[in-house]
Number of protein chains: 2
Amino acid sequence: MGFKIGLLGLGTVGTGTAQILLNAQGRHPLVQEIEIDRVGVRSLDKPREVEFPEGVITTDLEAIVTDPQIDIVVETIGGLEPARSLILQAIAHGKHVVTANKAVIARYGDEIFTAANAAGAYVMLEAAVGGGIPVIKPLKQSLGVNRLQAVTGIVNGTTNYILTRMQTEKGDFADILADAQRLGYAEADPSADVDGLDAADKIAILASLAFGGRIKLADVYCEGIRQINATDIAYADKLGFVIKLLAIAKRIGEVENAPLSMRVHPTLVPQTHPLASINGVYNAIFIEGEPIGQIMLYGRGAGAGPTASAVVSDLLHLIGVLKSGDRSELHPLLSCSHDDYCAIAPIEELVTRFYVRFLTQDRPGVIGKLGTCFGDRHVSLESIVQTDVKDNLAEIVVVTHDVREGNFRQALDEIRTLDAIHSIPSILRVL
Amino acid sequence: MGFKIGLLGLGTVGTGTAQILLNAQGRHPLVQEIEIDRVGVRSLDKPREVEFPEGVITTDLEAIVTDPQIDIVVETIGGLEPARSLILQAIAHGKHVVTANKAVIARYGDEIFTAANAAGAYVMLEAAVGGGIPVIKPLKQSLGVNRLQAVTGIVNGTTNYILTRMQTEKGDFADILADAQRLGYAEADPSADVDGLDAADKIAILASLAFGGRIKLADVYCEGIRQINATDIAYADKLGFVIKLLAIAKRIGEVENAPLSMRVHPTLVPQTHPLASINGVYNAIFIEGEPIGQIMLYGRGAGAGPTASAVVSDLLHLIGVLKSGDRSELHPLLSCSHDDYCAIAPIEELVTRFYVRFLTQDRPGVIGKLGTCFGDRHVSLESIVQTDVKDNLAEIVVVTHDVREGNFRQALDEIRTLDAIHSIPSILRVL
């Protein structure tokens, strides 16, 4: 008994997937039961790293998602359209879907899972977050026995690569981004990565699994890493931190349906925290719950091999269920069982520590004034250090205790009006 | 539709499991469908942290495993007997089994899985290795699409706690062991932990899943940490290493059925390796395969909460399959599909780097003689450093390149016969 798949896309992930499936020896025996029936591409003329028999490759993607022969559609074309429509068509034609497309799932997950549940189809997405790291299935299936409190991830390899190089080379963002683009670690248009949008897609997906509700992507607060510079990395280092782009989903408070804090931003991470040592293109997802405590899942977050491993692991799960189940009821751990939206707290409600760097006039009393403005807003300070004087400006670095972000912003608004304040080059949150 | 479980044992893990099940709110909705029908304990008189209705607790464990009402038996009593017999009886009576018992599985897995396959029963063991870390299911289900090359684990929390404290406090083994015993981190009889036996059980289980074959526990080479001392930890630190008790299963060579190297021993781990920063009672499992590359799974390796999380995740999986399947065929990703034994290479065939510390007479020419003995056996050296002279004895530390362990041992045998050699206090492998 074999399972026929239709593969949409033959780029990095599609090629990697085909390479595993066409070369099944030494892998789980079930891999041999998967047969690539059709492959849909945009152009037939492109040179390919994998060969298929005559007639397997086609440019007619609709013919694949509607083909009654095909059991499972594997979507690796990426982007929003035609990916979304093809996934929905495949579901409407009774096919199960495996996708690596975080953008489509983060935006249209609601529509897609509603359609899948109605059609009795599975939509699998292990490859959408964290490359080959097994994180979607553990969150959906194993870790859910816990009351999960927080999911904190380094889920974008490009920004972690850039920040790691800025850290080790003491270089500035623009130079290292340019070099990363030259080396193929960053796209020509880097905004999806460096502005945090890709990480926001991914944490929305992880949060919906961890907290059992759908997430409106627009509710995820998002700051990228363009403003990070060598000065702040050096100060962070002195204070015992590294700067990482974190994607965080956290239950605020102890109540069962307490709202979530959902955010992506550069963060000062204590050097002793397990996430601090995740470097280069590696990803890691740090999960906290009761009673499991803390766990972390680590691996390469992108690339043909890791992502294809995740795609084929989804195929394996599907086949396992299809072989042993009677399909009268969807497997409760593989289907999407929630259809409510999670409540998300506005960023002003966040309680966190902050790091702020001020440039001020070099005159007595400035620290006192800063301290008064913060104190008036109940912002308690952990440390306040005046460092160098350059061009007649003093540099003051403040780290707060946990404060409500709204209060902190009000204090900063007041501080900005002080004569002695020249500018506030950096405001970063601290884990 | 509820599932009735019989819980054997109400110690740390059993109590933790009951606490999750009796307090299901805020967890995966399926947890509410699990009902603790009977609980088997040794004595009714002990005070308990969880309360059950009259008649649930019994000392008649056989009555539980043979009770036709019970769907799933959860074994948390540990040890070899009566655990083994109760598991086999439960299977014979058509029950599925969830166990946290690595010792039984590592020794009697063959017998237990053969019986389970014949009876159409599942035996689940996520809790047997790595506490709450999801590692058994990912290895069995997701990572198997890769050609796995190596599984390297810090899988014993007690020894990692002791080694971490030796590292940070520069203390000696015996003192820190005594303190660990006082604090409850080590047993009164610590040998299962400090001699590496517990880690050997666990790597045998991980290897059988990663490499799809059964493992004879007697074939796992095993060295504990009793001989580790502050001197070697300090030298390792200077050379850029930390010392960890690693459990390693590795395919030797590229051929599909090439033999495995299976071993547990203290190891010098480069400070930049992800395993180097796993400290205290934490566990981590580092997995390498094609095409996924490297991944690592990290968390607390023991304790009521993490282990109970793993037990209940197994229950969730079982229920998912039982609800959606027709039970005519065992789910291929949850059952044990291999019944051959893996070939294991003798330790002499291992190719690794070594660290050796010699105490020698303080006279010229000793290093030359050492170099000659090693050279004669094709043992190539990475570094050879003479350090302190104490009590007229010089200390020489050698790190080799990758060498065949058999050759290395022959060279050492010859070196031991040299007049100038006083003793060889430490021989350690290097990752």
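Since the structure is predicted, the reported quantities are computational estimates derived from the model, not experimental observations.

## Here's the deal with the overall build of chain A
Piece 1. Each helix and strand in chain A was counted, giving 13 helices and 17 strands.
Piece 2. For chain A, the C-alpha radius of gyration of 24 Å lies close to 22 Å, the compact-globule estimate for 431 residues.
Piece 3. With the C-alpha coordinates aligned to their principal axes, the bounding extent of chain A is approximately 80 × 50 × 35 Å.
Piece 4. Classification of the 431 residues of chain A by burial places 50% in the buried group.
Piece 5. Considering only contacts in chain A between residues 6 or more positions apart, those separated by 24 or more positions represent 73%.

## Here's the deal with the domain arrangement of chain A
Piece 1. Split into domains, chain A comes out as domain 1 (3-131 + 304-324), domain 2 (136-300) and domain 3 (350-430).
Piece 2. Relative placement of domain 1 of chain A and domain 3 of chain A: their C-alpha centres are 51 Å apart.

## Considering unusual backbone geometry
Piece 1. Going from Glu81(A) to Pro82(A), the amide bond is cis rather than trans, its omega being 10 degrees.
Piece 2. Tracing the backbone through its elements, the reader meets Pro82(A) in the loop between β4 (72-75) and α3 (83-92).
Piece 3. Across the junction of Glu290(B) and Pro291(B), the peptide omega takes the value 5 degrees, indicating a cis bond.
Piece 4. Residue position: Pro291(B) is located in the loop between β11 (282-290) and β12 (293-300).
Piece 5. Its identity as a non-glycine residue notwithstanding, Lys170(B) has a phi of 55 degrees, on the positive side.
Piece 6. As for its placement among the helices and strands, Lys170(B) is situated in the loop between α6 (157-169) and α7 (173-183).
Piece 7. The exposure class assigned to Lys170(B) is exposed, which follows from the 12 C-beta atoms found within 10 Å.
Piece 8. One non-glycine residue with positive phi stands out, namely Asp391(B), at about 50 degrees.
Piece 9. In this fold, Asp391(B) is placed in the loop between β14 (381-390) and β15 (393-400).
Piece 10. With 7 C-beta atoms counted inside 10 Å, the residue Asp391(B) sits in the exposed group.

## A short note on the sheet that holds strand β5 (residues 96-99) of chain A
Piece 1. An order of β3-β2-β1-β4-β5-β6 (chain A) is seen for the six strands of this open sheet, with the pairing classed as parallel. One side of each edge strand has no neighbouring strand; the edge strands of this open sheet are β3 (57-58) and β6 (123-124) of chain A.

## Here we look at the relation of the copies chain A and chain B
Piece 1. For these two chains of identical sequence, chain A goes onto chain B by a turn of 180 degrees and a shift of 0.0 Å along the axis, with RMSD 0.0 Å. Taken together, the rotation and translation describe the operation of a two-fold axis.
Piece 2. Mapped onto chain B, 100% of the interface residues of chain A are again interface residues, and the two copies thus contact each other with one and the same surface.

## A closer look at the confidence of the model for chain A
Close reading of the predicted structure is inappropriate where its pLDDT is low.
Piece 1. Chain-level statistics for chain A give a pLDDT mean of 94 and a share of 99% at 70 or above.
Piece 2. Predicted as a complex, the structure gets a pTM of 0.95 and an ipTM equal to 0.94.

## Quick look at the packing of helix α12 (residues 366-376) of chain B against helix α13 (residues 405-416) of chain B
Residues and elements named next belong to chain B.
Piece 1. The N-to-C vectors of α12 and α13 enclose an angle of 145 degrees; their axes lie 8 Å apart at closest approach. At the point where α12 passes α13, the crossing takes the right-handed sense. Residues Leu370, Cys373 and Phe374 of α12 form the contact with α13, whose participating residues are Ala411, Glu414 and Ile415.
Piece 2. By residue class, the composition of the contact of α12 with α13 is five nonpolar, no polar and one charged.

## Overview of helix α11 (residues 304-324) of chain A
Piece 1. A rise of 1.5 Å per residue sets the reference length of α11(A), with its 21 residues, at 30 Å; its end C-alpha atoms lie 30 Å apart and thus fit the reference within 8%.
Piece 2. The element α11(A) is largely enclosed, with a buried count of 18 among its 21 residues.

## Section: the pairing of strand β15 (residues 393-400) of chain A
Residues and elements named next belong to chain A.
Piece 1. Relative to β15, strand β13 (residues 351-361) runs antiparallel, the two being bridged by seven bridges. Following the sheet pairing, glutamine 361 is matched in β15 by leucine 393.
Piece 2. Sheet topology places strand β14 (residues 381-390) next to β15; seven bridges connect them, and they run antiparallel. Paired with valine 385 across the bridge in β15 is valine 397.
Piece 3. Linking two consecutive strands that pair antiparallel, namely β14 and β15, is a turn of two residues; a positive phi of about 50 degrees is found at aspartate 391 within it.

## A few points about the interface of chain A and chain B
Piece 1. Each partner contributes to the interface: chain A provides 55 residues, whereas chain B provides 55 residues.
Piece 2. For the side of chain A that touches chain B, the elements supplying multiple residues, two or more each, are α1 (12-21), α5 (136-142), β12 (293-300) and α11 of chain A.
Piece 3. Counting residues per element, the side of chain A that touches chain B draws most heavily on α11(A), at 13 residues.
Piece 4. In terms of residue class, the side of chain A that touches chain B is made up of 25 nonpolar, 22 polar and eight charged.

## Here we look at the pairing of strand β2 (residues 34-40) of chain A
Residue and element names in this part refer to chain A.
Piece 1. By the bridge criterion, six bridges tie strand β1 (residues 3-8) to β2 in an arrangement that is parallel. Looking at the pairing, leucine 8 lines up with glycine 40 of β2.
Piece 2. Once you follow β1 into α1 and on to β2, the crossover reads as right-handed.
Piece 3. Relative to β3, β2 is paired through two bridges, and the arrangement is parallel. Residue pairing in the sheet places valine 39 in a bridge with isoleucine 57 of β3.

## Focus: helix α12 (residues 366-376) of chain A
All names here are of chain A.
Piece 1. Looking only at α12, the buried set comprises Leu370, Cys373 and Phe374. Down the axis of α12, the sector holding all buried residues measures 95 degrees, keeping them to one side. Turned more than 90 degrees off the buried face of α12, the exposed positions are Gly368, Gly375 and Asp376.
Piece 2. Histidine 378 occupies a position one or two residues after α12 and carries a positive phi of about 65 degrees.

## What to know about the nonpolar core
Piece 1. Counting 270 residues, the largest nonpolar core has Ile203(A), Ala207(A), Ile203(B) and Ala207(B) as its most contacted members.
Piece 2. Apart from the residues lying within four places of it in its own chain, the contact partners of Ile203(B) are Gly153(B), Val155(B), Val220(B), Ala247(B), Ile248(B), Ala249(B), Met262(B) and Val264(B).

## Points about the sheet that holds strand β3 (residues 57-58) of chain B
Residues and elements named next belong to chain B.
Piece 1. As summarised here, the arrangement of the six strands in space is β3-β2-β1-β4-β5-β6, forming an open sheet in which the pairing is parallel. Two strands lie at the open edges of the sheet, namely β3 and β6 (123-124), each paired on one side alone.
Piece 2. Judged from the four bridges that link them, strand β1 (residues 3-8) and strand β4 (residues 72-75) form a sheet pairing that is parallel. Each residue of the ladder has a partner; that of isoleucine 5, found in β4, is isoleucine 72.
Piece 3. Its contacts with the sheet put helix α11 (residues 304-324) on β1, β2 (34-40), β4, β5 (96-99) and β6, and the angle it makes with β5 is roughly 160 degrees.

## Let's talk about the packing of helix α3 (residues 83-92) of chain B against helix α4 (residues 102-119) of chain B
All names here are of chain B.
Piece 1. In the contact formed by α3 and α4, the axes pass within 9 Å of each other and the chain directions differ by 10 degrees. The angle between the axes of α3 and α4 places the two elements in the roughly parallel class. Contacts from Ala83, Arg84, Ile87, Leu88, Ile91 and Ala92 in α3 reach Val104, Tyr108, Ile112, Ala115, Ala116 and Ala119 in α4.
Piece 2. Within the contact of α3 with α4, the residues separate by chemical class into 11 nonpolar, no polar and one charged.

## A word on the environment of Val398(B)
All names here are of chain B.
Piece 1. Following the sequence through the fold, valine 398 ends up in strand β15.
Piece 2. Taking the C-beta count within 10 Å as the criterion, valine 398 has 21 such neighbours and is therefore assigned buried.
Piece 3. A sequence separation of 16 residues divides valine 398 from glutamate 382, and the C-alpha atoms of the two residues are 7.7 Å apart.
Piece 4. Apart from the residues within four sequence positions on either side, valine 398 is in contact with Val356, Leu370, Leu381 and Ile384.

## Thoughts on the environment of Asp195(B)
Residues and elements named next belong to chain B.
Piece 1. Inspection of the secondary structure puts aspartate 195 in the loop between α8 (191-194) and α9 (197-210).
Piece 2. For aspartate 195, a count of 17 C-beta atoms within 10 Å corresponds to the partly exposed category.
Piece 3. Taking the C-alpha atoms as reference points, aspartate 195 and proline 306, separated by 111 residues in sequence, lie 24 Å from one another.

## A closer look at the environment of Val135(A)
Piece 1. Inspection of the secondary structure assignment puts Val135(A) in the loop between β6 and α5.
Piece 2. Sequence-wise, Val135(A) and Ser337(A) are 202 residues apart; in three dimensions their C-alpha atoms are separated by 18 Å.

Parameters at a glance
Residues numbered from 1 in each chain as written. Chains lettered and ligands numbered in written order. Predicted model: local features only at pLDDT ≥ 70, side-chain atom pairs only at ≥ 80, totals over all residues. Helix = DSSP H or I, 4+ residues; strand = E, 2+ residues; numbered from the N terminus. Rg over C-alpha atoms; globule rule 2.2 N^0.38 Å. Buried ≥ 20, exposed ≤ 12 C-beta atoms within 10 Å, placed from the backbone. Contact = placed C-beta atoms within 7 Å. Domains from an automatic or database assignment. Pairing = 2+ DSSP bridges. Least-squares fit on C-alpha atoms with pLDDT ≥ 70 in both. pLDDT = per-residue confidence, 0-100. Axes fitted to C-alpha atoms, helices over the stretch in contact; angles between N-to-C directions. Left-handed = near helix turned anticlockwise from the far one by under 90°. Nonpolar A, V, L, I, M, F, W, Y, C, P; charged D, E, K, R; others polar. Expected span 1.5 Å × (residues − 1). Right-handed = clockwise from strand over helix to strand, strands pointing away. Arc of directions from axis to C-beta. Core = buried A, V, L, I, M, F, W, Y, C linked by C-beta atoms within 7 Å. Parallel < 35°, antiparallel > 145°, perpendicular 65-115°, else oblique.

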